[in-house]
Amino acid sequence: MHRLRLRRGSGLRIATLALLAGIAAGCGGAQVGGAGGAGRVAVMLPPGERPFWMPLARDFERAHPGVTVDLIEGPQSTDLRENLYTASLLARDPSFDLVYMDVTWTSKFAAAGWLRPLEGAFPPQERDRWLPAAREAGMFRGRLYRVPVRTDVGLLYYRRDWLEGAGYAPPSTFDELVRVARALEDPPRRWGFVWQGKQYEGLVCDYLEVLTGFGGTWVDPATLEVGLDRPQAAAALEFLVRCRSVDPISPPGVATYQEEESRRLFQDGRAVFLRNWPYVWRLAQREDSPIRGKIGAMSMVHAPGGRSAGTLGGWGLGVSAYSRRPDLAIAFIRHVTTLESQRVLCGETGYAPALIEAYRDSALLAANPFLDRIGRLHANAVARPAIARYALASDILQRHLSAALAGGEPAARALREAARETRLMLGRAGAAEAR
Ligand code: GLC
């Protein structure tokens, strides 16, 4: 029996996933090391975030002599990190004390019994300090399992200078977006609209806000009703297909883009519109950025009579049920969610904080004046369904969206199939899935 050892800062690769899966399948619970006396608290983070967590970890270590915080660098993809955590928790492996969770993971991880309830450690008066949507994303069946660290909402960025120069107002409908993008693009040097078209969670986020703009729905978490075979859902996918191949305003490569690929094109001055998250604003305003002072941001456009929406995203911390030091894990959560820590984590990165008071904080507003807008754009947030089988529902949708984008399946047929598979999957899970 061997303890799973993950080096601090090691770039986790798929091989590690295989290793974790192997442990899950064969070896049973791994032994724990590092418990006793001093102590260790470990969490896996996206690689890009680790440098910003380092000062928080070092501060915590200084305040807790003998304690080590392991910030383990995971893969870039949200889905892969979820797979790694899942494999580890299935194996009851205590290597991760903390689970750095997307908004969509709470139900699955809590329903599986992999997380400790935290409402005792974070009483209501503390929870009231968090943005309501971020707080809600940490609840499952009335209990708290995830403390929000930062929040996200989908945004549509645009080149204000180009639109103004050509006499266009920011678009409000999908047709207007296509019209303005076509008028201002000059492919392949300059594209009209870039977004996240790769088959992964980001594609679902992009689709959900377009779907909402057309008045459609995905899965109702209360009734498990599936809306993917309704005309609004097909219209939303047809819009994305149109962007890529019918009235091409998006590069063919958009079907392989995650957040950073699309941001780089926009930031290099090679796209008129970009769909992405709040962190882009801060990077776009850096001194060396060619688009500094030239962009605007708003919520996604909508169909006539529809509403603008931005998918709710964000990250928070849960405590593994298999942690040998839940006391330290909770203390670390407390430490990284103070206002001072929000300044450290969100100031330089441009991440949107989870603490309400952070949106009025002069230090944070000075570092990122866009915070004020983000706070207001949160009003348009639309949540992905909070169901325990979310990962499966997302996987089904990703596959069919991707097939339609690649031109392999007409949009309506792809979504009919996605609806059928989703119903089948949820039907098996039964009504107990509903929160
Ligand atoms: C961002 C969001 C997260 C979402 C992911 C998709 O990290 O915060 O909620 O799932 O992007 O790529």
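These numbers were taken from a predicted model, which means no experiment stands behind them.

About the cut-offs
Residues numbered from 1 in each chain as written. Predicted model: local features only at pLDDT ≥ 70, side-chain atom pairs only at ≥ 80, totals over all residues. Helix = DSSP H or I, 4+ residues; strand = E, 2+ residues; numbered from the N terminus. Buried ≥ 20, exposed ≤ 12 C-beta atoms within 10 Å, placed from the backbone. Contact = placed C-beta atoms within 7 Å. Pairing = 2+ DSSP bridges. Axes fitted to C-alpha atoms, helices over the stretch in contact; angles between N-to-C directions. Near = placed C-beta within 6 Å. Nonpolar A, V, L, I, M, F, W, Y, C, P; charged D, E, K, R; others polar. Domains from an automatic or database assignment. Parallel < 35°, antiparallel > 145°, perpendicular 65-115°, else oblique. Left-handed = near helix turned anticlockwise from the far one by under 90°. pLDDT = per-residue confidence, 0-100. Expected span 1.5 Å × (residues − 1). Core = buried A, V, L, I, M, F, W, Y, C linked by C-beta atoms within 7 Å.

**Considering the overall build of the chain**
Argument step 1. Along its length, the chain carries 18 helices and 13 strands.
Argument step 2. Within the chain, the proportion of its 435 residues that are buried is 50%.
Argument step 3. Restricting to contacts in the chain with at least 6 residues of sequence separation, those with at least 24 account for 75%.

**Some remarks on the sheet that holds strand E10 (residues 295-298)**
Argument step 1. If you trace the four strands from one edge of the open sheet to the other, you get E8-E9-E7-E10, paired in mixed fashion. On the outer flanks of this sheet lie strand E8 (191-194) and E10, each paired with one strand and no other. Within the sheet, the average angular offset between the axes of one strand and its neighbour, ignoring direction, is 15 degrees.
Argument step 2. Note: strand E7 (residues 155-159) against strand E9 (residues 271-276), four bridges, orientation antiparallel. Counterpart to Leu155 in the pairing with E9 is Asn276.
Argument step 3. Sheet strands touched by helix H8 (residues 174-184): E8 and E9. Its angle to E8, the strand with the most contacts, is close to 135 degrees.

**Side note on the site of the ligand**
Argument step 1. All residues in the neighbourhood of the ligand are listed as Thr78, Asp102, Val103, Asp152, Glu201, Gly202, Cys205, Trp277, Gly313, Gly314 and Trp315.
Argument step 2. Along the lines of polarity and charge, the residues of the shell around the ligand split into four nonpolar, four polar and three charged.
Argument step 3. Mapping the shell around the ligand onto the domain boundaries places at least three of its residues in each of domain 1 (12-151 + 312-372) and domain 2 (153-311 + 385-434).

**Side note on the packing of helix H9 (residues 201-213) against helix H10 (residues 231-246)**
Argument step 1. Contact pair H9 / H10: the axes reach a minimum separation of 8 Å and the direction vectors enclose 125 degrees. When the axis of H9 is compared with that of H10, the two are oblique. Helix-helix and strand crossings are classified by hand; for H9 and H10 the assignment is right-handed. Taking contact as the criterion, the partners of Tyr207, Val210 and Leu211 in H9 are, on H10, Gln232, Ala233, Ala236, Leu237, Phe239 and Leu240.
Argument step 2. Broken down by class, the residue content of the contact of H9 with H10 amounts to eight nonpolar, one polar and no charged.

**As for the confidence of the model for the chain**
Argument step 1. Mean pLDDT over the chain stands at 91; residues scoring 70 or higher make up 90%.
Argument step 2. Per-residue pLDDT stays below 50 along residues 1-37; that stretch engages in 56 contacts with residues further than four places along the chain or on separate chains.
Argument step 3. Across residues 431-435, confidence stays below pLDDT 50; counting only partners more than four residues off in sequence or on other chains, it has 14 contacts.

**Considerations on the environment of Gly407**
Argument step 1. Within the fold, Gly407 resides in the loop between helix H17 (390-405) and helix H18 (411-429).
Argument step 2. The spacing of Gly407 and Ser245 is 162 residues in sequence and 8.4 Å in space, taken between C-alpha atoms.

**Considering helix H14 (residues 339-349)**
Argument step 1. Among all positions of H14, only Ser341, Gln342, Leu345, Cys346 and Gly347 are buried.
Argument step 2. Close packing links the buried residues of H14 with helix H2 (50-63), strand E6 (147-153), helix H13 (326-336), strand E12 (352-353) and helix H15 (362-367).
Argument step 3. Residue Gly350 follows H14 closely and has a positive phi angle near 80 degrees.

**What to know about helix H3 (residues 78-90)**
Argument step 1. Taking 1.5 Å per residue, 13 residues should reach 18 Å; H3 reaches 18 Å between its end C-alpha atoms and fits that length.
Argument step 2. Every buried residue of H3 is accounted for by Thr78, Arg81, Glu82, Leu84, Tyr85, Thr86, Ala87, Ser88 and Leu89.
Argument step 3. At the exit of H3 stands Arg92, carrying a positive phi of roughly 55 degrees.

**Comments concerning unusual backbone geometry**
Argument step 1. Along the chain, Pro187 connects to Pro188 via a cis peptide bond; the corresponding omega equals 5 degrees.
Argument step 2. You can see Pro188 is positioned in the loop between H8 and E8.
Argument step 3. Unlike most non-glycine residues, Arg92 shows phi in positive territory, near 55 degrees.
Argument step 4. Along the chain, the position of Arg92 falls in the loop between H3 and strand E3 (98-102).
Argument step 5. Here the phi dihedral of Arg141 falls at roughly 45 degrees; this positive angle occurs in a residue that is not glycine.
Argument step 6. On the secondary structure map, Arg141 appears in the loop between strand E4 (139-140) and strand E5 (143-144).

**Describing the environment of Trp277**
Argument step 1. Mapped onto the fold, Trp277 is located in the loop between E9 and helix H12 (279-284).
Argument step 2. Spatially, the C-alpha atoms of Trp277 and Leu312 are 9.7 Å apart, while their sequence positions differ by 35 residues.
Argument step 3. With residues up to four places along the chain from it excluded, the contact list for Trp277 reads Asp152, Gly154, Leu155, Glu259 and Gly313.

**A look at the pairing of E9**
Argument step 1. Counting buried positions over the six residues of E9 gives six, a clear majority of the element.
Argument step 2. Taken together, the three bridges between E8 and E9 define a ladder with parallel strand orientation. Along E9, the bridge assignment pairs Trp191 with Ala271.

**Considerations on the pairing of E10**
The side chains of a regular strand alternate, first on one face of the sheet and then on the other.
Argument step 1. Burial along E10 is one-sided: the residues Ile295 and Ala297 are buried and none of Gly296 and Met298 is.
Argument step 2. Here E7 runs beside E10; their pairing, made up of four bridges, is antiparallel. When the sheet's bridge partners are listed, Arg159 is paired in E10 with Ile295.

**Structural notes on the nonpolar core**
Argument step 1. The biggest cluster of nonpolar side chains holds 132 residues, and the ones touching the most others in it are Leu98, Tyr157, Phe193, Tyr207, Leu237 and Phe273.
Argument step 2. Residue contributions to this core reach at least three from each of two domains, namely domain 1 (12-151 + 312-372) and domain 2 (153-311 + 385-434).
Argument step 3. Setting aside residues no more than four positions away along its own chain, Tyr207 makes contact with Ala236, Leu237, Leu240 and Leu401.

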